[in-house]
Amino acid sequence: MNAPRITREWLDQWKGITVEDMVPGAAYQLVFTLKGLARYVLEPGILNKAADYLGKLPLKVSPRSSEWFQPGELECRIGSCWALLANLERERYPWLRSGFILPLQWKSGCPHHPHLPRKLLEVADDVIYRLKEQKGIPEDRSWGLHPDPRLNLDGVDLSEIDWEFESAWVSVAGGLFLAGWQGVPRAGIFASAGFGEDGIKQVDGLVEKAEAVVELLGRGWLTSAQMFVCESQAKELRSHLEAKNFAGLEVAELPAGKNTIKEILKEYLYALEVPPDKDAPQERRGEYFLRIPSRREAQTYYRGHIFPDVVCKLQEKCRENNVEITHLVSVPSLGYSITELLIAGLQVRKLLLIVVQEDSKKPKSPSMEKERERLQREFPHLEEISLVKIRLSCSEDRDELLRQLRDSCKDFLENVDPRRVAFDLTSGPKMLTLLLYDCCPPGAVALCVMTDFDEETRRPQPFTEVFYFWRKE
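A short tour of the structure in this document, coming up.

So, how was this worked out
Throughout this document, residue positions are counted from 1 along each chain, in the order its sequence is written. Since the coordinates come from a predicted model, pLDDT governs what is reported: local features require at least 70, and pairs of side-chain atoms require 80 or more to be given and counted, while whole-chain, interface and lining totals use all residues. Just so you know, side-chain values use all the structure's heavy atoms and leave hydrogens and water out. The way it works is that DSSP assigns letters per residue, a run of H or I at least four long becomes a helix, a run of E at least two long becomes a strand, and they are numbered from the N terminus. Put simply, the radius of gyration uses C-alpha atoms, and a globule should come to 2.2 Å times the residue count raised to 0.38. For every residue, the accessible area obtained with a 1.4 Å probe (protein chains only) is divided by the maximum for its type, and the residue is called buried under 20%, exposed over 50%, and partly exposed between those limits. Contact definition: two residues touch when any of their heavy atoms are within 4.5 Å. Using a 1.4 Å probe, the Shrake-Rupley method yields the accessible areas, and only the shown protein chains count as cover for residues. Only buried Ala, Val, Leu, Ile, Met, Phe, Trp, Tyr and Cys residues count toward a nonpolar core, and they belong to the same one when joined by side-chain atoms within 4.5 Å. Each pair of strands is called paired provided DSSP finds at least two bridges between the two strands. Lines are fitted to the C-alpha atoms to define the axes, a helix being fitted only along its stretch in contact, and any angle between axes, read from their N-to-C directions, falls within 0 to 180 degrees. Sulfur atoms of two cysteines make up a disulfide when they are within 2.5 Å. Here a salt bridge means any side-chain nitrogen of Lys or Arg lying within 4 Å of a carboxyl oxygen belonging to Asp or Glu. The pairing test for Phe, Tyr and Trp rings, Trp by its six-membered ring, is centres within 6.5 Å, and the orientation test on the planes gives stacked under 30 degrees, edge-to-face over 60, and tilted for anything in between. By definition in this entry, angles of less than 35 degrees are roughly parallel, angles greater than 145 are roughly antiparallel, angles of 65 to 115 are roughly perpendicular, and the rest are oblique. Each crossing gets its hand from how the near helix is turned against the far one by less than a right angle, where anticlockwise is left-handed and clockwise is right-handed. A helix's residues, less one, multiplied by 1.5 Å, set its expected span.

With respect to the overall build of the protein chain
Then, in step 1: The secondary structure content of the protein chain amounts to 18 helices and 14 strands.
Then, in step 2: In terms of overall dimensions, the protein chain is more spread out than a globule: its C-alpha atoms have a radius of gyration of 30 Å, far above the 23 Å expected for 473 residues.
Then, in step 3: Oriented by its inertia axes, the alpha-carbon framework of the protein chain measures out at about 95 × 45 × 45 Å.
Then, in step 4: Looking at the protein chain as a whole, 50% of its 473 residues qualify as buried.
Then, in step 5: Taking as baseline every contact in the protein chain between residues at least 6 positions apart, the subset at least 24 positions apart corresponds to 72%.
Then, in step 6: For the protein chain, the exposed area adds up to about 23,600 Å²; of that, 48% sits on carbon and sulfur atoms.

Okay, structure coming up:
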């Protein structure tokens, strides 16, 4: 049996009929024709009337069909995306919600679902074209937009619905980005904006769409939510929500401009994607780390989700090389600290930090005293942390610098077996690296950690670390 086609003519059977005037039998017909779509687009009063009518009939419905009479919810799975839509013909169709959420899903290796509205599929095709053009998704991989399984659109044909779907562009694009990354979207993150040659475009019906999200908050399905809109529309929408005293929905901005789509949507995509957990494949975690916009938040994710694996890799390398270290001499680096990796991986008991004095004209780095306190808190197995400050410049006498370093290292390494000592030559100026190697006593380990760097973010590419060890003769 062919799926019923939902057309303008079909909708006009109930043109102008309010929820109060809709007879229960007509409400029942609407629900059983629209199937799972009904719970997302019909006014709650229509669902209630249809449920009452069904209760008086000598019929048994399947558990799946019984869900059609309850307000819709959203599932978060790979490929999921949610289009916010507004009923801009409220007087003509008062039984349709003023704003509603259409749950969709991207699938790889298959065409679009034929029952989705053609205008929505035109948006999907434009998203695919633009993302492939900007290398946001692989060019050799095909994608199809499908309805969420809860809509049951195998039995309902919406292809001829002539609603406008331009405002779903960002949501559909966000879903495709995450699908390509094998990422899962976070519940409560929505967007409503178009996209064109000049970047993000304004859309209509933001108030109605925002109120659809507020309804989810009111039902307790969400505890908080964000709605990303064109930055030129954000202020007005915030004012409306404040006037209505709607709490829990934050309005976020999509910036104007002609940057790449990925750059324009980066804050939205970061909010949308659920961070891969510690057990996720290393490739997923590494790629997510490089997508985090904030450097500080990237460092936090690195510490909790990547650092432990790198520590294990270093420990395995130590076992292979029969290296057991108790004393470490290291130059602290800003950002993703090699020193911390070595402290954790080598399980050293004593640490000597060689701190390069900065030029007074440059911005000051965080206090090394505070850094020492932080390291002591985070690595309680450290029995001692010593600091040596040294100023490097072309005018400094090399022999004098070497003498200073040797004196400092001598005090630190007194009565220590050199085979239990490591000199970290990874960070710091090249001159200091050479001086430290000269300070390294025979039998001690000189080590270096190498990693690939991402050119765009200037961050280390996780899990590319290579550890080099040399025993000084």
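Following the structure, the description resumes.
Things to note about the nonpolar core
Then, in step 1: In terms of nonpolar packing, the biggest core is built from 98 residues, with L42, W95, W106, L265 and Y268 touching the most fellow members.
Then, in step 2: Top contributing element to this core by residue count: helix α7 (residues 169–181), with nine residues.
Then, in step 3: For L265, the contacting residues outside a window of four places in its chain are V170, A173, F177, I200 and L254.
Then, in step 4: One finds V311, L351, L375 and L447 within the second-largest nonpolar core, a separate group that totals 37 residues.

Regarding the sheet that holds strand β8 (residues 249–254)
Then, in step 1: The sheet built from three strands is open, its strands ordered β4-β7-β8 with parallel pairing. Because the sheet does not close on itself, it has two edges, and the strands there are β4 (189–192) and β8. For this sheet, the mean inter-axis angle between neighbouring strands, taken without regard to orientation, is 25°.
Then, in step 2: Here four bridges tie β4 to strand β7 (residues 225–230), and the two strands are oriented parallel to one another. Pairing of I189 across the sheet is with Q226, part of β7.
Then, in step 3: Contacting β4, β7 and β8, helix α8 (residues 206–218) crosses the sheet at an angle of about 170° to β7.

Some thoughts on the state of the cysteines
Then, in step 1: Following the criterion strictly, the structure yields zero disulfides and no others.
Then, in step 2: Free of any disulfide, C440 has its nearest cysteine sulfur in C439, 8.8 Å distant.

Brief notes about the sheet that holds strand β9 (residues 327–330)
Then, in step 1: Read from one edge to the other, the open sheet built from six strands follows the order β11-β10-β9-β12-β13-β14, with strand pairing classed as mixed. Because the sheet does not close on itself, it has two edges, and the strands there are β11 (384–390) and β14 (466–471). Put simply, the sheet's adjacent strands are angled 20° from each other on average, direction ignored.
Then, in step 2: As paired elements, strand β10 (residues 350–356) and β11 share seven bridges and run parallel to each other. Bridged to L353 within β11 is L387.

Quick look at the pattern of salt bridges
Then, in step 1: Overall, the coordinates contain 33 salt bridges when judged by the stated rule.
Then, in step 2: The residue R374 makes a salt bridge to E371 at a minimum N-O spacing of 2.6 Å. Remark: E371 and R374 occur in helix α16 (residues 368–378); sequence separation between them is three residues, near one turn of the helix.
Then, in step 3: A relative accessible area of 21% means that E371 is categorised as partly exposed.
Then, in step 4: The structure contains a network of salt bridges with shared partners spanning R8, D12, E89, R92 and D162.

Looking at the packing of aromatic side chains
Then, in step 1: The full count for this structure, using the stated rule, is 15 aromatic pairs.
Then, in step 2: Plain terms: the ring middles of F177 and W181 are 5.4 Å apart, the flat faces sit at 35° to each other, and that makes the pair tilted. One end of the pair is F177 and the other is W181, both in helix α7 and four residues apart, which spans about a single turn. Like W181, F177 is buried.

Remarks on the packing of helix α12 (residues 282–291) against helix α13 (residues 295–305)
Then, in step 1: In the contact formed by α12 and α13, the axes pass within 9 Å of each other and the chain directions differ by 160°. Considered as vectors, α12 and α13 are oriented roughly antiparallel to each other. Here the hand of the crossing between α12 and α13 comes out left-handed. Contacts between α12 and α13 involve R285, Y288 and F289 on the former and, on the latter, A298, Y301, Y302 and H305.

Here's the deal with helix α6 (residues 118–133)
Then, in step 1: End to end, α6 covers 22 Å across 16 residues, agreeing with the expected 22 Å (1.5 Å per residue, within 8%).
Then, in step 2: Within the span of α6, buried status applies to L120, L121, V123, A124, V127, I128, R130, L131 and K132.
Then, in step 3: Among the structural elements, β2 (99–108), β3 (143–147), α7, β5 (194–196) and α10 (261–264) are those in contact with the buried residues of α6.
Then, in step 4: Phi for K135, located one or two positions after α6, is positive at around 60°.

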